[in-house]
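Structural description and commentary
If you want the building blocks of each chain, they are given just below.
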Amino acid sequence: MAIRLLFVEDDKAQRSLFNDAVKEWNEAHPDVSFELAVATTYEDGLAQLDRLRLDAALLDLRLPGGDGKLPGGTLADLCVVQYGIPAAIISGHPGDFDQKAQGHEMLAVFNKGDGDAYQRAIEWFAKLARMIEVLGGTRKSIQAQGAAVFYGRVWPRWKSYESLAGIDTKQLIGIVSRQYASHIADILGIDSEENVKWHPFENYVQPALQEKRPHTGDVFKLEGGLWIVLTPQCDMATQKAETVLLAYCETDGLVEEWKQQAAGLKPDASNAKRREAEKYFKKLINQSEPAQHFLPPLEDGKPLIVQFKKLRTMPIADLQNSLSTRVASVASPFLSNLTQRFGSYVSRIGQPNFDISHFG
């Protein structure tokens, strides 16, 4: 694969050194090569990010233009949070860039004073090749589905969007953006031959999307283990509920059997073992126990069994103060199944007990 890398550096000699390093890498590593886009100023780099489809960026810390003392740091921040591509800083004074202050603990920083700085920067990006390939493919997939949403749903209804009373352009952009995102998500989630089946990993969102408050389906690590929020999301959003209902997530009951059955899905397993394993996992996925709800492994490879018979409540203010203990949220496509099953469990009436002796 070819990684399209933006290099922003105002020093001609440094640009020449990096160009040579890239050529040397490409000759030795044809499987992961680099295509360079070069800029010399903050503004030029920003323009190329807007104009080109780039995969990553390597940025000098001190660049001409931009606002502030460290334009390269500002540009790195934009690469990550606005353009969604990995970025690295290279500088003769790397200590001037505080990664934690910028909020990018994972952002790499390289010292120009090191003789192999450019080589190590290239190696760092090469290690991210699979992530870059997946992100690039994801963008293409979203673009293709976005086009389908446009001509199939937005364009036919454009007059309805345009006629919305009291909606300015900025608000309309937000509304249409939400429609795009939700329609694309629904299209990609539909069971069809074209779509990839759901992976168990997709059951959870980590970190949670609701950063500032708890939400239905949030999993918290509280005293006694893991607990999942069952209180309706409308009450969570308005915080009208004074207390929150949580159910216990059992993690140890199925671990050994889970491991044994998982071995039956491996390529070298016998047909009998595979059939037994498939039957076991289908039973879990189909939620055959009314008082329980199965969730795939979250931590340490342990599956979660939500126990509807083991509930607790706590003040919503206390849960709000416990956000640091939240480990994940159940993703929205799987959340309705959890809440629906809990509703069915608590609303069941049951049959009154007959005295069977009267049947005699």
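An account of the accompanying structure is given in this report. Here the structure is a predicted model, which is why all the values come from computation and not from measurement.

The subject of this paragraph is the overall build of the protein. Counting its secondary structure elements, the protein contains 13 helices and 12 strands. Against the compact-globule benchmark of 21 Å for 360 residues, the protein has a radius of gyration of 27 Å, which places it well outside the compact range. On the principal axes, the C-alpha backbone points of the protein span a range of 100 × 65 × 45 Å. Each of the 360 residues in the protein was classed as buried or not, and the buried ones make up 38%. In the protein, the proportion of contacts linking residues at least 24 apart, taken out of those at least 6 apart, comes to 62%.

This part is about the sheet that holds strand β9 (residues 243-250). Taken together, 7 strands build an open sheet; the order of strands is β6-β12-β7-β8-β9-β11-β10 and the sheet is antiparallel. Since the sheet does not close on itself, it has two edges, and those belong to β6 (204-205) and β10 (292-299), each with one partner. In the sheet, strand β7 (residues 218-222) pairs with strand β12 (residues 326-330) via 3 bridges, with the strands oriented antiparallel. Following the sheet pairing, V219 is matched in β12 by A328.

With that settled, consider the nonpolar core. With 24 residues, the main nonpolar core has I3, F18, F34, L58, Y118, I122 and F125 as its most contacted residues. Elements with a contribution of two residues or more to this core: β1 (2-8), α1 (12-28), β3 (56-60), β4 (87-91), β5 (108-111), α5 (117-127) and α6 (129-154). Among the elements that line this core, the one with the most residues is α5, at 6 residues. If you look at the next biggest cluster of nonpolar residues, it comprises 22 residues, including L230, F308, V327 and A328.

A word on the pairing of β5. Moving residue by residue along a regular strand, the side chains alternate between the two faces of the sheet. Burial along β5 is one-sided: A108 and F110 are buried, and none of V109 and N111, which face the opposite way, are. Two strands pair when backbone bridges link them, and β4 and β5 are joined in this way by 4 bridges, in the parallel orientation. When the sheet's bridge partners are listed, S91 is paired in β5 with N111.

Summed over the entire model, instances satisfying the criterion amount to 14 aromatic pairs. Plain terms: the ring middles of W25 and F34 are 6.3 Å apart, the flat faces sit at 70° to each other, and that makes the pair edge-to-face. Look at W25 and you get buried, because its relative accessible area is 8%. The exposure class assigned to F34 is buried, which follows from its relative accessible area of 5%. A ring pair is formed by F150 and W155, whose centres lie 6.2 Å apart and whose planes are at 45°; its orientation type is tilted. Overall, the relative accessible area of 56% leaves W155 in the exposed class. An aromatic cluster is built from W258, Y280, F281 and F294, whose rings are joined through pairwise contacts. Positioned over the ring face of Y248 is K310, at 4.0 Å from the centre of the ring.

On to the packing of helix α2 (residues 42-51) against helix α3 (residues 71-81). Between α2 and α3, the shortest axis-to-axis distance is 10 Å and the interhelical angle comes to 10°. Judged on the interaxial angle alone, α3 and α2 are roughly parallel. Contact residues: Y42, G45, L46 and L49 in α2; P71, T74, L75, L78 and C79 in α3.

By volume, the largest pocket is sized at about 1,100 Å³. Together, 37 residues line the largest pocket, and A185, W198, E202, S332 and P333 are the ones closest to its centre. Those elements that place two or more of their residues in the lining of the largest pocket are α6, α8 (169-189), β6, β12 and α13 (332-347). Here the element with the most residues in the lining of the largest pocket is α8; it accounts for 8 residues. Residues that form the lining of the largest pocket fall into these classes: 19 nonpolar, 12 polar and 6 charged. Taken together, 22 residues make up the lining of the second largest pocket; nearest its centre are W198, P200, N203, I285 and F334. Counting only elements with at least two residues in the lining of the second largest pocket, the list comes to α10 (255-263), α11 (271-285), β10 and α13. Take the lining of the second largest pocket: its biggest share by element is 5 residues, from β10. A breakdown of the residues in the lining of the second largest pocket according to their chemical character gives 14 nonpolar, 5 polar and 3 charged.

Time to look at the sheet that holds β5. What the 5 strands build is an open sheet, ordered β2-β1-β3-β4-β5; its pairing is parallel. Every interior strand has two partners, whereas the edge strands, β2 (33-39) and β5, have only one. The sheet shows a mean angle of 25° between the axes of neighbouring strands, taken without regard to direction. The pairing of β1 with β3 spans 4 bridges and is parallel. Of the residues in β3, the one forming a bridge with L6 is A57. Here α2 sits on the sheet in contact with β1 and β2, set at roughly 130° to β2.

It is worth spelling out the packing of α1 against α5 at this point. In the contact formed by α1 and α5, the axes pass within 9 Å of each other and the chain directions differ by 50°. Comparing their axes, α5 and α1 come out oblique. Crossing handedness for the pair α1 and α5: right-handed. Only Y118, Q119, I122, E123 and A126 of α5 make contact with α1, whose side of the interface consists of Q14, L17, F18, A21, V22 and W25. Split by residue class, the contact of α1 with α5 holds 8 nonpolar, 2 polar and 1 charged.

Rules used in this analysis
Residues numbered from 1 in each chain as written. Predicted model: local features only at pLDDT ≥ 70, side-chain atom pairs only at ≥ 80, totals over all residues. Heavy atoms only, no water. Helix = DSSP H or I, 4+ residues; strand = E, 2+ residues; numbered from the N terminus. Rg over C-alpha atoms; globule rule 2.2 N^0.38 Å. Buried < 20%, exposed > 50% of the residue type's maximum accessible area, 1.4 Å probe, protein only. Contact = heavy atoms within 4.5 Å. Pairing = 2+ DSSP bridges. Core = buried A, V, L, I, M, F, W, Y, C linked by side-chain atoms within 4.5 Å. Phe/Tyr/Trp six-rings, centres within 6.5 Å; stacked < 30°, edge-to-face > 60°. Lys NZ or Arg CZ within 6 Å of the ring centre and 35° of its normal. Axes fitted to C-alpha atoms, helices over the stretch in contact; angles between N-to-C directions. Parallel < 35°, antiparallel > 145°, perpendicular 65-115°, else oblique. 1 Å grid on protein atoms, 1.4 Å probe; cavity = no way out; pocket = protein on both sides within 12 Å on 5 of 7 lines; lining within 4 Å. Points joined across faces, edges and corners; volume = space filled by probe spheres on them. Nonpolar A, V, L, I, M, F, W, Y, C, P; charged D, E, K, R; others polar. Left-handed = near helix turned anticlockwise from the far one by under 90°.

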